[in-house]
Amino acid sequence: MLTLPNLLTLSRIVAVPLLVAFLWWPRWEAGFGIAFALYCLMGITDYFDGYLARAQGAVSKLGVFLDPIADKIMVAAVILMLVGTRHDDLALITGVHLIAALIILLREIAVSGLREFLAGLQVSLPVSKLAKWKTTLQLVAFGALILAGALPAQAWIKVTGLGCLWAAAALTLVTGWDYLRVGIRHMD
């Protein structure tokens, strides 16, 4: 049960409080730098846990259960920390950009609920290629925004992060709608 892929997934869950701790103080640029490195490491383990599970034939029920939870915990934590309600003048996601973050967060919750519902009907909802692009843009967006906290003088990093955030939000709407259409077919 505690295979290497599952340990990698668990490490992402355990790392979230540490990531939050480094993002807690918006004026601590070194903390954001460490958070960026940790976030990148978490992204790498996200890739390798799935790759290794498939390559080693070690796909487990625990891994199938934990992987999406680890992803959603990380996404929700990063969004909340980047919104930074404690210091609005230093928040990395503010104003109209909150809409993009909210779209991403709400879709994560809705698709999780849909997957849970469909699992009860023994219907699989596979991840689409477009959803993988959405995830990639989302990871780049959050990574760039964390890096922008470490390098505030480099405004282009924040602009890049916000651009990717909006692109991810657009793909979030498209893929969320696609998943919803599949799910509706199985509802009475």
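On a predicted model such as this, the values are computed, not experimentally measured, just so you know.

### Quick notes on the packing of aromatic side chains
- As enumerated under the stated definition, the model contains five aromatic pairs in all.
- Ring geometry for Trp25 against Trp28: centres 6.1 Å apart, planes inclined by 75°, an arrangement best described as edge-to-face.
- For Trp28, a relative accessible area of 36% translates into the label partly exposed.
- Taking 6.3 Å as the distance between ring centres and 85° as the angle between the ring planes, the aromatic pair formed by Phe48 and Tyr51 counts as edge-to-face. Of this pair, Phe48 and Tyr51 both sit in helix 2 (residues 29-55), separated by three residues, roughly a single helical turn.
- Taking relative accessible area as the criterion, Tyr51 reaches 41% and is therefore assigned partly exposed.
- Here the guanidinium or amino end of Arg115 rests over the ring plane of Tyr179, the centre of that ring lying 5.3 Å away.

### Concerning the layout of surface pockets
- Of the pockets and cavities examined, the largest pocket occupies roughly 1,700 Å³.
- As for the largest pocket, its lining consists of 46 residues, of which Val64, Asp67, Pro68, Asp71 and Val127 are closest to the centre.
- If you tally residues by element for the lining of the largest pocket, the top one is helix 3 (residues 61-83), at 11 residues.
- Here the lining of the largest pocket is built from residues that sort into 21 nonpolar, 12 polar and 13 charged.

### A look at the side chain of Thr175
- As for its position among the elements, Thr175 is in helix 6 (residues 155-184).
- On the basis of relative accessibility, which here comes to 0%, the residue Thr175 falls in the buried class.
- Beyond its immediate stretch of four places on either side in the chain, Thr175 contacts Arg107, Ser128, Leu130 and Ala131.

### Notes on the environment of Tyr39
- Turning to its location among the elements, Tyr39 is positioned in helix 2.
- Owing to a relative accessible area of 5%, Tyr39 belongs among the buried residues under this scheme.
- Placed 35 residues apart in sequence, Tyr39 and Met74 show a C-alpha to C-alpha distance of 9.0 Å.
- With residues near it in sequence (within four places) discarded, Tyr39 still touches Leu19, Met74, Val78, Gln138, Leu139, Phe142, Gly143 and Ile146.
- Only 3.0 Å separates the side chain of Tyr39 from the backbone oxygen of Leu139, close enough to count as a polar contact.

### Describing the nonpolar core
- Leu19, Val78, Leu82, Phe142, Ile146 and Leu165 are the most contacted members of the largest nonpolar core, which totals 36 residues.
- At the level of secondary structure, the elements contributing two or more residues to this core comprise helix 1 (4-23), helix 2, helix 3, helix 4 (97-120), helix 5 (129-150) and helix 6.
- The biggest single contributor to this core is helix 3, with eight residues.
- Val111, Leu114, Val123 and Leu125 belong to the second largest nonpolar core, which has seven residues in total.

Cut-offs and rules
Once a new chain begins, its residue numbering starts again from 1 and follows that chain's sequence as written. For a predicted model such as this one, the threshold for reporting local features is a pLDDT of at least 70, and the threshold for listing and counting side-chain atom pairs is 80 or more; totals across whole chains, interfaces and linings nevertheless cover every residue. As a rule here, side-chain values cover all heavy atoms of the structure and leave hydrogens and water aside. The pairing test for Phe, Tyr and Trp rings, Trp by its six-membered ring, is centres within 6.5 Å, and the orientation test on the planes gives stacked under 30 degrees, edge-to-face over 60, and tilted for anything in between. Burial classes follow relative accessibility: with a 1.4 Å probe on protein chains only, a residue under 20% of its type's maximum area counts as buried, one over 50% as exposed, and anything between as partly exposed. Here a helix means four or more residues in a row that DSSP labels H or I, a strand means two or more in a row labelled E, and each is numbered from the N terminus. Definition used: whenever NZ (Lys) or CZ (Arg) falls within 6 Å of the ring centre and also within 35 degrees of the ring normal, the charge is taken to sit over that ring. Detection works on a 1 Å grid of protein atoms alone, calling trapped sets that fit a 1.4 Å probe cavities and calling open sets with protein on both sides within 12 Å along at least five of seven lines pockets, with lining residues defined by an atom within 4 Å of a point. Grid points are joined across faces, edges and corners, and a volume is the space filled by probe spheres set on the points. In the scheme used here, Gly and all other residues not listed as nonpolar or charged are polar, with Ala, Val, Leu, Ile, Met, Phe, Trp, Tyr, Cys and Pro taken as nonpolar and Asp, Glu, Lys and Arg as charged. In this analysis, two residues are considered to be in contact whenever any of their non-hydrogen atoms come within 4.5 Å of each other. Under the rule applied, a polar contact is a pair of N or O atoms within 3.5 Å (in protein, one hydrogen donor and one hydrogen acceptor; residues adjacent in sequence only if both atoms are side-chain atoms). Only buried residues count toward a nonpolar core. Its members are Ala, Val, Leu, Ile, Met, Phe, Trp, Tyr and Cys residues joined through side-chain atoms within 4.5 Å.

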